[in-house]
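As a plain string of letters, each chain reads:
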Amino acid sequence: MRTPLRSPPPTSFIRRVATFGAVSVATTLLDFGLFNVLVVSAAVPVIAANTASYGAGIVASYALNKRLTFAGGGRDKRSHEIALFLALNLGGLWLNNVAVAVAALAAGGSPLLLNAAK
């Protein structure tokens, strides 16, 4: 017995996935770029640098995804949407800071290992 062929996903879905991917790449580059500038060039302590760069990334991610990826959509209450986004990302920040702190202790501040820990 043959399985029925599936129709291709709608173009709007493909566009949304591509936009989400592009925003993710851009905000990741922002996070890593700012982190490296702060740690290597400005000699900012690694946890402070990671918090600042991760924070910049999540703010940019929220703004770009809200405007480009999910324009016109979202929850009824923006305050609920922002609170949920921040709660999830603050948990991610905590885990990321733990990984970077462990790497900083293990590697003595090697930029390569710090970046790998992020």
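Residues numbered from 1 in each chain as written. Predicted model: local features only at pLDDT ≥ 70, side-chain atom pairs only at ≥ 80, totals over all residues. Heavy atoms only, no water.

A. Seen up close, the overall build of the chain. Regarding its fold elements, the chain presents four helices and zero strands. Ordered by position from the N terminus, the helices and strands of the chain form the series α-α-α-α. Expected size for 118 residues packed as a compact globule is a radius of gyration near 13 Å; at 18 Å, the chain overshoots this value by more than 25%. Counting only C-alpha atoms, the chain reaches 60 × 40 × 25 Å along its principal axes. The buried share of the chain, taken over its 118 residues, is 25%. Carbon and sulfur atoms form 69% of the exposed surface of the chain, whose accessible area is close to 8,100 Å². (Helix = DSSP H or I, 4+ residues; strand = E, 2+ residues; numbered from the N terminus. Rg over C-alpha atoms; globule rule 2.2 N^0.38 Å. Buried < 20%, exposed > 50% of the residue type's maximum accessible area, 1.4 Å probe, protein only. Areas by Shrake-Rupley, 256 points an atom, 1.4 Å probe, with all protein chains shown as cover.)

B. How the structure looks around the packing of helix α2 (residues 46-69) against helix α3 (residues 78-107). One way to put it is that α2 packs onto α3 with a least axis distance of 10 Å and a crossing angle of 150 degrees. As far as their axial angle goes, α3 and α2 are roughly antiparallel. Two packed elements cross with a definite hand, and for α2 against α3 that hand is right-handed. Of the residues that constitute the contact of α2 with α3, the class distribution is twelve nonpolar, seven polar and three charged. (Axes fitted to C-alpha atoms, helices over the stretch in contact; angles between N-to-C directions. Parallel < 35°, antiparallel > 145°, perpendicular 65-115°, else oblique. Left-handed = near helix turned anticlockwise from the far one by under 90°. Nonpolar A, V, L, I, M, F, W, Y, C, P; charged D, E, K, R; others polar.)

C. Spatial organisation of the side chain of Ser61. Inspection of the secondary structure assignment puts Ser61 in helix α2. Beyond its immediate chain neighbours, meaning those up to four positions away, Ser61 contacts Val23, Thr27, Lys66 and Phe85. (Contact = heavy atoms within 4.5 Å.)

D. Quick look at the nonpolar core. Of all hydrophobic cores here, the largest spans nine residues; its members are Phe35, Leu38, Val39, Val46, Ala49, Val100, Ala103, Ala104 and Leu114. The set of elements that each furnish at least two residues to this core consists of α1 (11-41), α2 and α3. Once residues within four sequence positions are removed from consideration, Val100 is found in contact with Phe35, Val46, Ile47, Asn50, Leu114, Ala117 and Lys118. (Core = buried A, V, L, I, M, F, W, Y, C linked by side-chain atoms within 4.5 Å.)

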